[in-house]
Amino acid sequence: MKKMTEKEKIEQYMRFRTNCLKNAEEAFQSAIHLAGKGVNHIAYHLLVLALEEIGKVFVGYTIITRTEKWGKPSVNFGFDDHVKKLFWAIWGPSFGSKTITRQDWESNKQMARQLHENRLATLYTAIDDSLPGKEKIAADEIKALISYTEDRLELAKLEGEKKEEDVVNPEVDWLSIQLDDPDRRHFILGETSQHQLEEFDGDFSKWIHWLQEYYQNEKDHLTLLAEAELKRIAQTDLNQITAKWKMRIKIITPSHDIRQSTLEQFNKRNPHLKLYAGADTHFLLIEFTFGDNVPAKDLWHYGWHISKLFVAAINISAGGFFYWNAITDKTTYYEGLHDLQTNSRIKVSPPPTLNINWEKASIRLTESHLDTTEFMFTYLLQNQDQVISQAISLYGSALALIAKSDVHSHFEALILRDLSTAFRTCAIHSLPMNSSDNFVDVAYNHLDGMIKDKQEFARVITMAAKLEDDASYQAYPIKLTDILLLKQYCGFLLLTIAARKLNQDNNIKLSIDPI
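This is a predicted model, so every value here is computed, not measured.

A. Looking closely at the packing of aromatic side chains. Inspection of the entire model under this criterion finds 15 aromatic pairs. Ring plane angle 40 degrees and centroid distance 6.4 Å describe the contact between Y13 and F16, whose orientation is recorded as tilted. You can see Y13 and its partner F16 sitting in helix 1 (residues 6-34), 3 residues apart, about one turn around the helix. Here the two residues Y13 and F16 agree in accessibility, since each one is buried. For the ring pair F290 and Y302, a centre distance of 5.0 Å and an interplane angle of 70 degrees mean the geometry is edge-to-face. Of this pair, F290 sits in strand 4 (residues 283-291) while Y302 sits in helix 11 (residues 299-318), placing them 12 residues apart in sequence. Neither F290 nor Y302 differs from the other in exposure class; each is buried. Stacked on the ring of F439, the Lys or Arg R424 has its end atom at 4.2 Å from the ring centre.

B. Structural context of the packing of helix 15 (residues 412-430) against helix 17 (residues 454-469). Packing of helix 15 against helix 17 leaves a shortest axis separation of 9 Å and a crossing angle of 105 degrees. Taken together, the axis directions place helix 15 and helix 17 in an arrangement best described as roughly perpendicular. From helix 15, A413, L416, R417, S420, T421, F423 and R424 reach across to helix 17, where they touch F457, I461, M463, A464, A465, L467 and E468. Across the contact of helix 15 with helix 17, the residue classes break down as 9 nonpolar, 2 polar and 3 charged.

C. Quick peek at helix 18 (residues 480-503). For helix 18, with 24 residues, the first-to-last C-alpha span of 35 Å sits near the 34 Å given by 1.5 Å per residue. Counting buried positions over the 24 residues of helix 18 gives 19, a clear majority of the element. One or two steps after helix 18, the chain reaches Q504, where phi turns positive at roughly 50 degrees.

D. Focus on the nonpolar core. If you look at the biggest cluster of nonpolar residues, it comprises 75 residues, and the most contacted ones within it are I286, F288, F310, M376, F423, F457 and Y489. Those residues in contact with F310 that sit more than four places away from it in its chain are F266, L273, L275, I286, F288, T373 and F377. One finds C20, A31, L46 and L47 within the second-largest nonpolar core, a separate group that totals 28 residues.

E. Representation of empty space enclosed by the protein in the model. Under the criterion given, the structure shown has 1 cavity of 30 Å³ or more. Of the voids in this model, the largest cavity is the one considered here, and its volume is about 40 Å³. In terms of lining, the largest cavity is formed by S420, F423, R424, F439, I461, A464, A465 and L486. Elements with a contribution of two residues or more to the lining of the largest cavity: helix 15 and helix 17. Of the residues assigned to the lining of the largest cavity, the class counts are 6 nonpolar, 1 polar and 1 charged.

F. Main features of helix 16 (residues 439-447). Of all 9 residues in helix 16, 7 are buried; the element is thus mostly enclosed. Along helix 16, the residues classified as buried are F439, V440, V442, A443, Y444, H446 and L447. Looking at the packing, one finds that the buried side of helix 16 touches helix 15, helix 17 and helix 18. Between the side-chain oxygen at the start of helix 16 and the backbone nitrogen of V440 there is a gap of 3.1 Å, and the oxygen is on N438.

G. Quick look at the sheet that holds strand 1 (residues 243-252). Spatial ordering of the open sheet is given by 1-4-3, a layout of 3 strands whose pairing is antiparallel. The sheet is open, and its two edges are formed by strand 1 and strand 3 (273-277), each paired on a single side. Each strand of the sheet is rotated relative to its neighbour by a mean of 20 degrees, with strand direction disregarded. Set on the sheet, helix 10 (residues 260-269) makes contact with strand 3 and strand 4; between it and strand 3 the angle comes to about 175 degrees. Lying over the sheet, helix 11 contacts strand 1, strand 3 and strand 4, oriented at roughly 135 degrees with respect to strand 4.

H. Representation of the environment of D482. With respect to the helices, strands and loops of the structure, D482 is situated in helix 18. Looking at D482, the relative accessible area reads 0%, which means it is buried. Put simply, D482 and I461 are 21 residues apart on the chain and 9.3 Å apart in space, counted from C-alpha to C-alpha. A distance of 2.7 Å separates polar atoms of two side chains, one belonging to D482 and the other to R459.

Cut-offs and rules
- Residues numbered from 1 in each chain as written.
- Predicted model: local features only at pLDDT ≥ 70, side-chain atom pairs only at ≥ 80, totals over all residues.
- Heavy atoms only, no water.
- Phe/Tyr/Trp six-rings, centres within 6.5 Å; stacked < 30°, edge-to-face > 60°.
- Helix = DSSP H or I, 4+ residues; strand = E, 2+ residues; numbered from the N terminus.
- Buried < 20%, exposed > 50% of the residue type's maximum accessible area, 1.4 Å probe, protein only.
- Lys NZ or Arg CZ within 6 Å of the ring centre and 35° of its normal.
- Axes fitted to C-alpha atoms, helices over the stretch in contact; angles between N-to-C directions.
- Parallel < 35°, antiparallel > 145°, perpendicular 65-115°, else oblique.
- Contact = heavy atoms within 4.5 Å.
- Nonpolar A, V, L, I, M, F, W, Y, C, P; charged D, E, K, R; others polar.
- Expected span 1.5 Å × (residues − 1).
- Core = buried A, V, L, I, M, F, W, Y, C linked by side-chain atoms within 4.5 Å.
- 1 Å grid on protein atoms, 1.4 Å probe; cavity = no way out; pocket = protein on both sides within 12 Å on 5 of 7 lines; lining within 4 Å.
- Points joined across faces, edges and corners; volume = space filled by probe spheres on them.
- Polar contact = N/O pair within 3.5 Å; in protein donor to acceptor, adjacent residues only side chain to side chain.
- Pairing = 2+ DSSP bridges.

Given below as structure tokens:
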């Protein structure tokens, strides 16, 4: 089936709405005509039918524009459920005009259920019935339902219309996604949320923004709690716990050659962390042993947290690139390419992106790299500075984007911005400087033992900062070397911060072979 455009969805909904209201009107008028003429049970049935058609109006647009998710069913708004359609007829017109309390919610559900059950009880004859259907509905009951249905029908005629300018409505899309979650649906349709909608005088946009802010604050709060718990676990004295869990991850490094002999001294020093060379010399197996202080419910998140810190530590300490396997088409999107005239197989490649000839660099992972990794990993486990944690998170995001970059997707600008934000945030937070100081000069003066070319450093830092401030800034195409240099600069800064923190000396300056 051809996928409908948003405009076509609007048009389909408007036809659907018109037909629903027409059916409801005809059923309503027929009920009025039959009421009091000895067939009140038929009139009752027609009034309930009219209410069902009205209920469909209030959810039809969401159903038509609903984006299906692969492997996940959409919210069932009840087109195949008589009680649910009646519920939407009762509740829909009140949406945003008054606070719907829990009592109102339950009352509405009960009313919808009672209407349907009464319809069935009067429309059909049961074996134990002592009265015919027409005598089961009193005149006052029909009169009251006629008045109620007329009120709902008039409200439905005034609401629910969609115009072409409503085609793109991310707020509706966001709300429909939230309603997939039973817990969020319970809150959104609950008393607190409905009261807030009333406070906004039914302004849907303001209400959506309030909900989005509410859930963002909730997410931030839960993140802080989770990070605090993970740090508590990580900082537990390992001598006071009993080994409980063993987790092994595999990291791939295109930049470094790994030999088991190099890893032996590291393994002797670390009973809870072991490194093993894989079948390929570019595979590194990392085995973590976690204690019984890590609950089973936290094991996935804790393992992921610790793994990311170690991967960040080895990237910072050894240079090059280490990450999980990202299966991508690094340089080609085709399986084969032939020159038909010469009957030969050929290969074409795109312009350089985030691929580098690491084989030519021929970097061997050394014990010195591992010593520094152990030092950096220790610092990251002990770190309680939220600014540094945020910078490490950005650094990790940049690593992930580098791993995912291939012929289909290029993330150079995003990577550069993440690294630049991480570098600038750490430098301003950790290095002594005044607002009048030149940022590049101050940063370089603290890192000059590891960077030989100040002019190149200034160029990369300045260019990245402009891109960070203005996503559209492109002085020239971003080079792979710019990415790698900025990654190194971030590593040097984080190593310096770690050394000063662990040694409690803010004057320490590190020195390695400059890049």
